[in-house]
Amino acid sequence: MKAIFQSLLVGSLLTLGLPALGSNPRIEIDYDTEALTEQAIAQGPIRVVASYTPLDYEAEEIGNNLTIQLFYNDELKLSATDTAAMFAGIELMDLDSDGTAEVVVQTFTGGAHCCLATTTYTWQDEQFNPVYFGYLDGGGGEFTDLNGDGLMEFVTFDNAFLYSFSSYAGSYPPSVVLTYENGAYRDTTTQFTNYMEDIAAGMRFTVEDPEFADRGDKNGVLAGYVAQNIRVGRYREAWLFMLSHYDRTDDWGLNTYTDDGEVSQAYADFPTALYAFLQDLGYLDASGRPQPTVDRSPVVAEREQF
């Protein structure tokens, strides 16, 4: 448990590394990849052809340096462009065990912690249909079949908690689990109780760890801990734990700001600020009742260029 959070603190859970699954066909691009010209991978009827050139940061316009072509039975069905800063991955994965691979494209936009863009292309209704994730920090998450039912989960975390009550490294966001089926991702977080409880136990262990006491990041952990426990139906216990352990001297997150940098709301203490924050995100409703099935999926209708 302790090791889970320590890895988050030093950023290894959020580093630049694109999640891969075993021996799936895959194209990888990293910082020393000079260029790719029509590199192909295939699985069954699905074939992907990719071309890439490193970004020229001195150019007037930067972007669209990755081109992918998607083929079905050797017939070109879709061409798309993306922007990849140093890192990208294109992988064929059968996410729902229907015998036809999905195309998962992940590109890094550049920046200290941000951001990873993930797009899943599914062959459906005689065309490739894209599903976009909003930009996710660092490694973004990983694909794994948590319950062995043949449907892949994308295991990530709620990016809204990063920086909200602590530094990036000191934040411990609550988990978000998405299951892929029939060309779509569903937020199935509450279905994986054991996984969620294990993460919550790690959060609690961290708060109670004497070695962590002097870091000054306790509230960043407790915010995630309360939200994590809302998901498993233990909001009251988690809230009482937070009240008895939060850092009363830490004022991180007690003010919210407008786009112009003006203070829009000032809270008296961390519990008050956290309560309002959880309501804003939907973990609590307007009356303060916990909402375990809140949908915190990163799926977006479309994604603007970074």
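In the block above lies the structure referred to throughout.
None of these values were measured; they are calculated from a predicted model.

Visitor: Would you explain the pattern of salt bridges in this entry?
Guide: A side chain of one charge can pair with a side chain of the opposite charge if their charged atoms are brought near each other. One pass over the structure, following the stated rule, counts 10 salt bridges. Among the salt bridges present, the one from Glu181 reaches Arg186, with a minimum N-O distance of 3.3 Å. The class of Glu181 is partly exposed, set by a relative accessible area of 31%. Classification of Arg186 as partly exposed rests on a relative accessible area of 36%.

Visitor: What's the story with unusual backbone geometry in this structure? I'm lost.
Guide: When glycine is set aside, most residues are seen to have a negative phi, and most peptide bonds are trans. Here Ser97, not a glycine, exhibits a phi torsion of approximately 55 degrees, which is positive. Tracing the backbone through its elements, the reader meets Ser97 in the loop between β6 (88-93) and β7 (102-108). Although it is not a glycine, Glu126 adopts a positive phi angle of roughly 65 degrees. One can find Glu126 in the loop between β8 (116-124) and β9 (127-133). Here Glu126 falls in the exposed class, since its relative accessible area comes to 61%.

Visitor: How should I be thinking about a nonpolar patch on the surface in this particular structure?
Guide: Where nonpolar side chains cluster on the molecular surface, the patch consists of Tyr31, Tyr57, Ile62 and Met86 and spans about 480 Å² of accessible area. Relative to the helices and strands, Tyr57 is located in the loop between β3 (46-52) and β4 (66-72). Judged by its relative accessible area of 54%, Tyr57 is exposed.

Visitor: Whenever I open this one, the sheet that holds β6 confuses me. Can you help?
Guide: Sheet strands pair via backbone hydrogen bonds, and the direction of the pair is either parallel or antiparallel. Spatially, six strands are ordered β1-β6-β7-β8-β9-β16 in an open sheet, and the strand pairing comes out antiparallel. In this open sheet, the two edge strands, each paired with only one partner strand, are β1 (26-29) and β16 (299-300). Bridge count between β6 and β7: six bridges; the pairing is antiparallel. Paired with Ile90 across the two strands is Val105, which belongs to β7.

Visitor: Just to check I follow, could you spell out helix α5 (residues 270-281) for this structure?
Guide: Quick reminder: α-helices carry 3.6 residues per turn. Residues three or four places apart thus point the same way. The end-to-end C-alpha separation of α5 is 16 Å, in line with the 16 Å expected for 12 residues at 1.5 Å each. Residues of α5 that are buried include every one of Phe270, Pro271, Ala273, Leu274, Ala276, Phe277, Leu278 and Leu281, and no others. In this structure, the buried residues of α5 make contact with α3 (218-231) and α4 (235-245). The first or second residue beyond α5 is Gly282, which carries a positive phi of 95 degrees.

Conventions we followed
Residues numbered from 1 in each chain as written. Predicted model: local features only at pLDDT ≥ 70, side-chain atom pairs only at ≥ 80, totals over all residues. Heavy atoms only, no water. Salt bridge = Lys/Arg side-chain N within 4 Å of Asp/Glu carboxyl O. Buried < 20%, exposed > 50% of the residue type's maximum accessible area, 1.4 Å probe, protein only. Helix = DSSP H or I, 4+ residues; strand = E, 2+ residues; numbered from the N terminus. Patch = residues over 30% accessible without salt bridge, like charges linked within 9 Å, V, L, I, M, F, W, Y side chains within 5 Å. Areas by Shrake-Rupley, 256 points an atom, 1.4 Å probe, with all protein chains shown as cover. Pairing = 2+ DSSP bridges. Expected span 1.5 Å × (residues − 1). Contact = heavy atoms within 4.5 Å.

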